[in-house]
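Here is what each chain is made of, one letter per residue.
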Amino acid sequence: MTSNLSSPTLPPPPVPSHLMYKQQQQSSTNSQAENNAYQRQSTGPRTVERASSRGVRQASYVPGSSDDDEGGRSSSDAAVPSIMLSVAAMTLGASDDEALSAAAAAAKSGARSSANKRVSRGATSEFSQRPHTNNSKHPPPPLPLHGSRQATAHNSMELSHTELGATVTDSGTTTVHAAEARAPTPAMYWKQTKTWGVRPPKMRSHTLTVIGSQVFVFGGWNNSVCYNDVYVLDTETMFWSKMHTSGDEVPPCRAHTATAVGSRLFVFGGGDGTQYFADLYVLDTKSYVWTKARPAGVAPSPRRTHTCFHYNGYVYLFGGGDGHKALNDLWRVRAEPTALNTFEWEEVETKGGRPFPRGYHTSTLVGNQVVVFGGSDGQECFGDTSLLNLDTMEWSHVSIDPPLTRLAHSATLVGMYLFVICGHDGADYSSQVLMLKLDTLRWETRAIYGSAPIPRGYHACALHDGRLFLHGGYNGQEVFDDMFMLELSSYSYLPQVPEFVIGCHR
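What counts, and where the lines are drawn
Residues numbered from 1 in each chain as written. Predicted model: local features only at pLDDT ≥ 70, side-chain atom pairs only at ≥ 80, totals over all residues. Heavy atoms only, no water. Helix = DSSP H or I, 4+ residues; strand = E, 2+ residues; numbered from the N terminus. Contact = heavy atoms within 4.5 Å. Areas by Shrake-Rupley, 256 points an atom, 1.4 Å probe, with all protein chains shown as cover. Core = buried A, V, L, I, M, F, W, Y, C linked by side-chain atoms within 4.5 Å. Buried < 20%, exposed > 50% of the residue type's maximum accessible area, 1.4 Å probe, protein only. Pairing = 2+ DSSP bridges. Axes fitted to C-alpha atoms, helices over the stretch in contact; angles between N-to-C directions. Phe/Tyr/Trp six-rings, centres within 6.5 Å; stacked < 30°, edge-to-face > 60°. Lys NZ or Arg CZ within 6 Å of the ring centre and 35° of its normal. Salt bridge = Lys/Arg side-chain N within 4 Å of Asp/Glu carboxyl O. Polar contact = N/O pair within 3.5 Å; in protein donor to acceptor, adjacent residues only side chain to side chain. pLDDT = per-residue confidence, 0-100.

What about the overall build of the chain?
In terms of regular secondary structure, the chain is built from five helices and 33 strands. Counting only contacts in the chain whose residues sit at least 6 apart along the sequence, the fraction spanning at least 24 positions is 59%. Per element, the accessible surface of the chain, about 24300 Å² overall, is 52% carbon and sulfur.

The following block contains the structure:
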């Protein structure tokens, strides 16, 4: 029997992927070219035409232009979604895989990542010339150079860093060819920030505290005069304001602490000249009203160069100096006043042996533990690290190789890293950025591009929106009023890491 059905039609042979892509790209280009032509006929000449589908968006970098604009962003950049800026990283030298991975991360998190929103200015000529290294003795930075990049060693002493697979100098000097001077997309870089408004004067031993999107500067001195002014930086516009406050009068002071508790700022201690203070003041950052706290019971002795942190409804205080000796006592005060409008202080008893008495150290809260690093007792610069479990109130002391001595530095938690920046090593001031990986308790360094601050100590540092803000300080000769930002780039994702235990992978 003869069938009336026609024989089945064979499918056409597959088009090779590379030809298919070319056809699609050509079709897309032709379609957009026709659309642009139609727009010119309808609305007249256009300054900007639609880019091809592969370009997405060109970076807003113009050779010779400055990226130190207000807030570090142009209005056009602010309107572009972070995922588009991630893909636009392709035009700045990043591989397709890296750019698309960053785009996927931005789409998944939905957060405004500093690494993505600042891609368009990540290649400016001023701050991406060369990776920053300094003359600090240790540890040596890795050599993140590939291909035509070249690392050269200078200085007679060389330190073998086998883990990094490279031999670097004692000074850690790294040179990059001019043709390869552009900072890679995931790299961190320093940038001196242009700000506006009423800027704080030159100061050292002041505090820098983040509440919301604002940075509060209080106190400090210029080697002759102490301050009691409050300056506020809007991190969106980079505009400074000198705030008019009311309420109880706060004396000018330096080497105090300012701890954020919600929208309030708890300022304790400090001093001016030969005076040492033991008063607690609370600033309401919504009304800018100062209140002098009335203590209940026994309060800590007058001191400065101590540290404070907020945990579980208490503001804790550790160490410092009273003008005669260094201290290592631990106190805490309830962050909420009693029914009689007083603040209850209590000295905390601990186990495990306290660290040596010290001031000019740092105390960084990590989960339910605080990491105490460095400092000095007036005779010796310390490089030890101690941990206090705030639930059991037990001290533990860890040895980290090599032991790095620091005082008058800053230490900021970024994910599972403690960023220790600048300070004095007992011999000289430093501008180095050291990264203590807390799960392994080992020091690490990274190549950092841009224009770094000159070596200094007694500065103030705070983290906000993927950027580390550094302000002021002193280098033994000069007091500073400049502000720098360390753009963390891909390291801005570190705060998203899950909880970890300090030293769990040691």
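Describing the environment of Val289
Its place among the elements puts Val289 in strand E16 (residues 289–292). Distance from Val289 to Glu249, taken between C-alpha atoms, is 9.7 Å for residues 40 residues apart in sequence. When near neighbours in sequence (up to four residues on either side) are disregarded, Val289 contacts Ser246, Gly247, Val282, Leu283 and Asp284.

Points about the nonpolar core
The biggest cluster of nonpolar side chains holds 19 residues, and the ones touching the most others in it are Met188, Trp190, Phe419, Ile421, Leu486 and Leu488. At the level of elements, strand E4 (188–192), strand E27 (417–424), strand E28 (429–437), strand E32 (467–474) and strand E33 (479–487) are the ones that each hand at least two residues to this core. The element contributing the most residues to this core is E27, with four residues. If sequence neighbours within four positions are ignored, Leu486 has contacts with Met188, Tyr189, Trp190, Phe419, Ile421, Val433, Ile448, Gly466, Arg467 and Leu468.

A word on the side chain of Thr305
Relative to the helices and strands, Thr305 is located in the loop between strand E17 (294–296) and strand E18 (307–311). Residue Thr305 is classed as buried on the basis of its relative accessible area of 12%. Beyond its immediate stretch of four places on either side in the chain, Thr305 contacts Ala255, Gly320, Gly321, Gly359, Tyr360 and His361.

Details of the sheet that holds strand E19 (residues 314–321)
Strand order in the open sheet formed by five strands is E17-E21-E20-E19-E18, and the pairing between neighbours is mixed. Where the open sheet ends on each side, the last strands, each with one partner, are E17 and E18. Each neighbouring strand pair of the sheet contributes to a mean axis angle of 30°, computed without reference to strand direction. Note that E19 and strand E20 (residues 326–334) share seven bridges and pair antiparallel.

Some points on the packing of aromatic side chains
For the structure on display, the rule yields 15 aromatic pairs. Consider the rings of Phe266 and Phe343, whose centres lie 6.1 Å apart with planes at 80°: the pair is edge-to-face. With Phe266 in strand E12 (residues 264–268) and Phe343 in strand E21 (residues 342–347), the pair connects residues that are 77 residues apart, well separated along the chain. When its relative accessible area of 6% is taken as the criterion, Phe343 is described as buried. When the centroid spacing of 5.2 Å and the interplanar angle of 90° are considered together, the rings of Tyr360 and Tyr458 count as edge-to-face. Taken as a pair, Tyr360 in the loop between E21 and strand E22 (362–366) and Tyr458 in the loop between strand E30 (448–450) and strand E31 (460–464) lie far apart in primary sequence, 98 residues in all. Tyr360 gets classed as partly exposed once you look at its relative accessible area, which sits at 26%. When its relative accessible area of 14% is taken as the criterion, Tyr458 is described as buried. Cluster of aromatic residues (ring-pair linked, three or more members): Tyr360, Tyr429, Tyr458 and Tyr474. Directly above the ring of Trp221 sits Arg254, whose terminal nitrogen or CZ lies 4.0 Å from the centroid.

Points about the pattern of salt bridges
By the definition in use, this model includes 11 salt bridges. Asp322 is paired through a salt bridge with Lys325; the nearest N and O atoms lie 2.9 Å apart. Overall, the relative accessible area of 17% leaves Asp322 in the buried class. Between Asp482 and Arg456 there is a salt bridge, and its shortest N-O distance comes to 2.8 Å. One end of the pair, Asp482, is in strand E33; the other, Arg456, is in the loop between E30 and E31, with 26 residues separating them in the sequence. Judged by its relative accessible area of 0%, Arg456 is buried.

Digging into the sheet that holds strand E25 (residues 394–398)
Hydrogen bonds between backbone atoms are what pair the strands of a sheet, whose relative direction is either parallel or antiparallel. Pairing within the open sheet is antiparallel, and its four strands lie in the order E22-E23-E24-E25. Each edge of the sheet is formed by a strand with only one pairing partner; in this case those strands are E22 and E25. Across this sheet, the average inter-strand angle for adjacent strands is 25°, counted without regard to direction. In the sheet, strand E23 (residues 369–373) pairs with strand E24 (residues 385–389) via five bridges, with the strands oriented antiparallel. Note on E24: the bridge partner recorded for Val371 is Leu387.

Looking at the pairing of E4
The element E4 is largely enclosed, with a buried count of four among its five residues. Bridge count between E4 and E30: three bridges; the pairing is parallel. Among the inter-strand pairings, Met188 is bridged to a residue of E30, identified as Ile448. Sheet topology note: the E4/E33 ladder contains four bridges and is antiparallel. Paired with Lys191 across the bridge in E33 is Met485.

As for the side chain of Asn389
Secondary-structure assignment places Asn389 in strand E24. Reaching out from Asn389, the side chain makes a polar contact with the backbone nitrogen of Thr392 at a distance of 3.1 Å. For Asn389, the contacting residues outside a window of four places in its chain are Asn368, Gln369 and Glu394.

Notes on the confidence of the model for the chain
Per-chain confidence: the chain averages 74 in pLDDT, with 62% of residues scoring 70 or above. A low-confidence stretch, residues 1–12 stays under pLDDT 50, and its non-local contacts, those more than four residues away or across chains, total zero contacts. Scored below 50 in pLDDT, residues 42–181 makes 238 contacts in the model with residues more than four places away or belonging to other chains.

Notes on unusual backbone geometry
Peptide bonds are, in most cases, trans, and in most cases residues other than glycine have a negative phi. Looking along the chain, the bond that leaves Asp401 and enters Pro402 is cis, with omega of 0°. For Pro402, the position within the fold is in the loop between E25 and strand E26 (410–414). Phi angles above zero are rare outside glycine, and Asn223 is one such case at about 80°. Tracing the backbone shows Asn223 in the loop between strand E7 (214–218) and strand E8 (230–234). With a phi angle near 55°, Ala408 is a residue other than glycine that sits in the positive phi range. Of note, Ala408 is situated in the loop between E25 and E26.

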